[in-house]
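Read off the chains here:
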Amino acid sequence: MARTSRVVVQTAPRALEMRELPLPEIDDDSGLLRVEACGICGSDAEQYAGVLPARWPTVLGHEPLGIVEKIGDRAAKRWGVDVGDRVAVETLIPCGYCRACVAGRYQVCRGRGGMFGYSYVPVDHPPGLWGAYADYLYLDPHAIVHRVDAALPASIAVMFNPLGAGFRWAVEIPRTGPGDVVLVLGPGQRGLASVVAARAAGADAVIVTGLARDARKLALARELGADHVIDVDNEPDVKRRVKELTGGRGADVVVEVSSNSTEPVADALHYVATGGRIVLAGVKGFKAVPGFVSDLVVVKEATILGAFGVTSRSYRSAIRLIEKGDVPLAKLHTHDFALEEAEDAIRTLAGEGPGEASIHSCIVPR
Ligand SMILES: [Zn+2]
Ligand SMILES: [Zn+2]
């Protein structure tokens, strides 16, 4: 077995370097994961650009899938996994004791100092292997892992993260079910995952909005089960179109997963039905939202819900859906990148690269 792991470390905005770290000793409560793939997240691009509050230097990568290489006896018992098992690892590593954890909101735990999770813990915090743009990842005693069918291609199995977000944001938080019309604003990997999740939850209809340059993603939304798509650049009156498609009522659930633009947040108030739910999950660089008409929230008795992170329940729904294999998820996957190509990978996801735009992509260390 190797004695070191390559890791991609971010040292400053837009500065990555490859380093080599020693593999740690594993005690009774921890483990070591051999990384098979790590999903590339929209937030990786924001972290790379330096717009997220982050502590450097850190190893990037918080969507790990891999094989348990070493594991302590107590950890094996607690997690119900053993050496050789394939697992998906949750991003957040909760403390287990703070108010948020005790209240069952471990995804917003700050009990270990700031946000404690993969790709957010600095590399100088022992044992350093806190990110999955790497050959190996440290499994902290408080890490949360889920077993995944080892027969699946890694690039598909690793979709547990965006799909888990789809289940949490489009289903679990707004309690979506039969009878609901779901409108998804933004056809990126999270938006498409929301389509898949809303369909799986039995929503009556799913509508997706996107820009003219998103034509390929909007077509994919249809293949994944969206009933209608709206190209907002070419639709003269989007509000009227939403009304038309919802029998004049508006959408019961609006899921806002576009990045940076604040306009969809203000528009969501117009799209939502009376008594409907709006889930805000797309981050906007902490900008204020112009044109936010709060009276629409009042007169419609609408509920606005924030979504941050994913819960075990939604990760499990995602993994079950992937394992069932009846949704053509492979169509979402566009790129595999080697560790050495991490910078390319992030720039491609951000649409800065010269090549084909990415939808779902991952790092595959080899
Ligand atoms: Zn992520
Ligand atoms: Zn906690």
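Our subject is the structure that appears above.
Residues numbered from 1 in each chain as written. Chains lettered and ligands numbered in written order. Predicted model: local features only at pLDDT ≥ 70, side-chain atom pairs only at ≥ 80, totals over all residues. Heavy atoms only, no water.

**Q** Break down the overall build of the protein chain for me, citing the residues and quoting the values.
**A** Regarding its fold elements, the protein chain presents 12 helices and 16 strands. Since a compact globule built from 366 residues should have a radius of gyration of about 21 Å, the 20 Å found for the protein chain is in line with a globular shape. Projected onto its principal axes, the C-alpha coordinates of the protein chain cover approximately 65 × 45 × 40 Å. When contacts within the protein chain are restricted to residue pairs at least 6 apart in sequence, long-range pairs at least 24 apart make up 72% of them. Carbon together with sulfur atoms contributes 51% to the accessible area of the protein chain, which is approximately 15,400 Å² in total. Within the protein chain, one finds 40 positive and 45 negative side-chain charges whose respective centroids are separated by 4 Å. (Helix = DSSP H or I, 4+ residues; strand = E, 2+ residues; numbered from the N terminus. Rg over C-alpha atoms; globule rule 2.2 N^0.38 Å. Contact = heavy atoms within 4.5 Å. Areas by Shrake-Rupley, 256 points an atom, 1.4 Å probe, with all protein chains shown as cover. Lys, Arg positive; Asp, Glu negative; His and termini not counted. Charge placed at Lys NZ, Arg CZ, Asp CG, Glu CD.)

**Q** How would you sum up the sheet that holds strand β10 (residues 205–210)? Please name residues and give values.
**A** Strand pairing in a sheet is mediated by backbone hydrogen bonds. Such pairs are either parallel or antiparallel. Spatially, β11-β10-β9-β12-β13-β14 is the arrangement adopted by the 6 strands of the open sheet, whose pairing is parallel. Because the sheet does not close on itself, it has two edges, and the strands there are β11 (228–231) and β14 (303–306). Taking the axes of each pair of neighbouring strands and ignoring which way they run, one obtains an average angle of 15° across the sheet. With 4 bridges joining them, strand β13 (residues 272–280) and β14 adopt parallel strand pairing. Bridged to Val279 within β14 is Leu305. Sheet strands touched by helix α8 (residues 238–245): β9 (181–185), β10 and β11. Its angle to β11, the strand with the most contacts, is close to 170°. (Pairing = 2+ DSSP bridges. Axes fitted to C-alpha atoms, helices over the stretch in contact; angles between N-to-C directions.)

**Q** Describe the pairing of β9, and please don't skip the residues or the numbers.
**A** Most of β9 sits out of view: 5 of its 5 residues are buried. A two-sided burial pattern is seen for β9, the buried positions comprising Val181, Leu183 and Leu185 on one face and Val182 and Val184 on the other. Summarising the sheet, β9 and β10 pair through 5 bridges and their orientation is parallel. What sits directly across from Val182, in β10, is Val206. (Buried < 20%, exposed > 50% of the residue type's maximum accessible area, 1.4 Å probe, protein only.)

**Q** Lay out the sheet that holds strand β2 (residues 15–22) in plain terms, naming residues and giving numbers.
**A** Here 3 strands make up an open sheet; going across it, the order is β2-β1-β4 and the pairing antiparallel. The sheet terminates laterally at β2 and β4 (58–59), the two strands that pair on one side only. Here strand β1 (residues 4–12) pairs with β4 via 2 bridges, running antiparallel. Pairing of Val9 across the sheet is with Val59, part of β4.

**Q** Break down the coordination of the zinc ion (ligand 2) for me, with residues and values.
**A** Coordination of the zinc ion (ligand 2) by the protein is provided by Cys95 (SG), Cys98 (SG), Cys101 (SG) and Cys109 (SG), with metal-donor distances spanning 2.3 to 2.4 Å. Relative to the metal, the 4 donor atoms surrounding the zinc ion (ligand 2) lie at angles of 105 to 116°, and the coordination shape comes out tetrahedral. As a motif over one chain, the donors of the zinc ion (ligand 2) read C-x2-C-x2-C-x7-C. Here Cys98, found in the loop between β6 (86–89) and α3 (99–102), pairs with Cys109, found in the loop between α3 and β7 (136–139); they are 11 residues apart in sequence, far enough to count as distant. Per residue, the accessibility class of Cys98 equals that of Cys109, and both read buried. (Donors = N, O, S within 2.8 Å, 3.2 Å for Na, K, Ca; no water. Tetrahedral: all angles 85-135°; square planar, octahedral: opposite > 155°, others 65-115°.)

**Q** With reference to specific residues and values, describe the nonpolar core.
**A** One finds Phe160, Leu163, Trp169, Val208, Ile322, Leu329 and Leu332 to be the most contacted residues of the largest nonpolar core, which totals 51 residues. Counting only elements with at least two residues in this core, the list comes to α4 (154–157), α5 (160–172), β9, α6 (189–200), β10, α7 (215–223), β12 (251–256) and α11 (312–324). If one sorts the elements of this core by residue count, α5 sits on top with 7 residues. Contacts of Ile322, omitting those with residues within four sequence positions, involve Leu152, Ile156, Ala157, Met159, Phe160, Leu163 and Leu329. Counting 46 residues, the second largest nonpolar core, distinct from the first, contains Val35, Val81, Tyr138 and Leu349. (Core = buried A, V, L, I, M, F, W, Y, C linked by side-chain atoms within 4.5 Å.)

**Q** Residues and numbers for the coordination of the zinc ion (ligand 1), please.
**A** Binding of the zinc ion (ligand 1) to the protein goes through Cys41 (SG), His62 (NE2) and Glu63 (OE), at separations of 2.1 to 2.4 Å. In primary-sequence terms, the residues that donate to the zinc ion (ligand 1) follow C-x20-H-E. For the pair His62 and Glu63, a shared accessibility class is recorded, and that class is buried.

**Q** Before we move on, could you go through the packing of aromatic side chains and cite the residues and values that matter?
**A** What the rule picks out here adds up to 4 aromatic pairs. Consider the rings of Tyr118 and Trp130, whose centres lie 6.3 Å apart with planes at 35°: the pair is tilted. Here the residue Tyr118 occupies a position in the loop between α3 and β7, and Trp130 occupies one in the loop between α3 and β7, the gap between them amounting to 12 residues. This pair shows no difference in class: Tyr118 is buried, exactly as Trp130 is. Their ring planes at 85° and their centres at 5.3 Å tell us that Trp130 and Tyr138 sit as a pair that is edge-to-face. A relative accessible area of 10% means that Tyr138 is categorised as buried. Here the aromatic cluster, defined as three or more aromatic residues joined through ring pairs, consists of Phe116, Tyr118, Trp130 and Tyr138. The ring of Trp79 carries Arg78 above its face, with NZ or CZ at 5.9 Å from the centroid. Here Arg112 stacks its cationic end above the ring of Phe116, 3.9 Å away from the centre of that ring. (Phe/Tyr/Trp six-rings, centres within 6.5 Å; stacked < 30°, edge-to-face > 60°. Lys NZ or Arg CZ within 6 Å of the ring centre and 35° of its normal.)

**Q** Lay out empty space enclosed by the protein with the relevant residues and their values.
**A** Applying the stated criterion across every chain yields a total of 1 cavity of 30 Å³ or more. Size it by volume and the largest cavity reaches roughly 40 Å³. What lines the largest cavity is Met159, Pro162, Leu163, Gln189, Ala193, Leu332 and His360. Of all the secondary-structure elements, those providing two or more residues to the lining of the largest cavity are α5 and α6. A breakdown of the residues in the lining of the largest cavity according to their chemical character gives 5 nonpolar, 2 polar and no charged. (1 Å grid on protein atoms, 1.4 Å probe; cavity = no way out; pocket = protein on both sides within 12 Å on 5 of 7 lines; lining within 4 Å. Points joined across faces, edges and corners; volume = space filled by probe spheres on them. Nonpolar A, V, L, I, M, F, W, Y, C, P; charged D, E, K, R; others polar.)

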